[in-house]
Amino acid sequence: MAEQTTAPVNTDEIKSILDKHKDQVKLSLKLCAHCTLCAESCFLFHVKDKDPRYMPSHKFINSIGKLYKKKGNVSRKTLEEISEIVWRKCVLCTRCYCPFGIDIPKMIALARQICRSQGVVQQFDKE
Ligand code: SF4
Ligand code: SF4
């Protein structure tokens, strides 16, 4: 569960972080062919009975991809949903492999950074 805070989302700060990585995020989203090959290398995908929500591509597209497409204009609720994906559905083990060269762990780590910048973290992150 995400930590509860009521502070307004600082979208300028999110945009600033996105801007620094804009080219790589944009290219990653463009390159993804939805081939699902990365899923084979994610142990969590296998442990969770091949639940598509655990596919590395699904995780990066629905976290940093969503932040990018909305240009950082997201609500706290959306950030909390993203935090569920990037902390609860990925351990950043960096084992996922994409034949197109997409650095999926880096994309997920970036989404974590943005969530963290707004005080949205999963509780075990502070332990
Ligand atoms: S292997 Fe790469 S291109 Fe294929 S779905 Fe995964 S991230 Fe997208
Ligand atoms: S970094 Fe995340 S998505 Fe990639 S293999 Fe590890 S748990 Fe799966």
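Every value quoted in this text rests on a predicted model; they were computed, and no experiment measured them. Per-chain numbering applies: the sequence of each chain, read as written, is numbered from 1 onward. In the order they appear in the text, chains get letters beginning with A and ligands get numbers beginning with 1. In view of the model being predicted, local features appear only for residues whose pLDDT reaches at least 70, and side-chain atom pairs are presented and counted only at 80 or more, with totals across whole chains, interfaces and linings using the full set of residues. Only hydrogens and water are removed before side-chain values are computed, so all heavy atoms of the structure are retained for them.

Now for the site of ligand 2. Whether a residue is near a molecule or strand is decided by its heavy atoms; if any one of them lies within 4 Å of it, the residue is near. In the vicinity of ligand 2, the contacting residues are Ser 41, Cys 42, Leu 44, Pro 56, Lys 59, Cys 90, Val 91, Leu 92, Cys 93, Thr 94 and Cys 96. Side-chain classes follow a simple rule in which Ala, Val, Leu, Ile, Met, Phe, Trp, Tyr, Cys and Pro form the nonpolar group, Asp, Glu, Lys and Arg form the charged group, and the remainder, Gly included, forms the polar group. Split into classes, the residues belonging to the shell around ligand 2 amount to eight nonpolar, two polar and one charged.

On to helix H6 (residues 76-88), then. Each helix corresponds to a stretch of at least 4 residues labelled H or I by DSSP, and each strand to a stretch of at least 2 residues labelled E; elements are numbered beginning at the N terminus. Working rule for helices: expected span equals 1.5 Å times residues minus one. Spanning 13 residues, H6 covers 17 Å between terminal C-alpha atoms, matching the ideal 18 Å at 1.5 Å per step. Taken together, the buried positions of H6 are Arg 76, Thr 78, Leu 79, Glu 80, Ile 82, Ser 83, Ile 85, Val 86 and Trp 87. Those residues of H6 hidden inside the fold are in contact with helix H1 (11-20), helix H4 (56-61), helix H5 (64-69) and helix H7 (104-117). Accessibility here uses a 1.4 Å probe with only protein chains present; expressed as a share of the type maximum, an area under 20% marks a residue as buried, one over 50% as exposed, and anything in between as partly exposed. Working rule for contacts: check all heavy atoms of both residues, and any pair within 4.5 Å makes them a contact.

Every one of the 13 residues lining ligand 1 counts as a neighbour, but Cys 32, Ala 33, Cys 35, Cys 38 and Cys 98 are closest to it. Residues that form the shell around ligand 1 fall into these classes: 10 nonpolar, three polar and no charged.

A separate point is the pattern of salt bridges. Salt bridge, as used here, is a side-chain nitrogen of Lys or Arg placed within 4 Å of a carboxyl oxygen of Asp or Glu. Counted by the stated rule, this structure contains two salt bridges. Between Glu 81 and Lys 77 there is a salt bridge whose closest N-O contact spans 2.8 Å. Pair noted here: Glu 81 and Lys 77 are both in helix H6, with a separation of four residues, about one helical turn. Looking at Glu 81, the relative accessible area reads 38%, which means it is partly exposed.

Function cannot be read off these values alone, since they describe shape.
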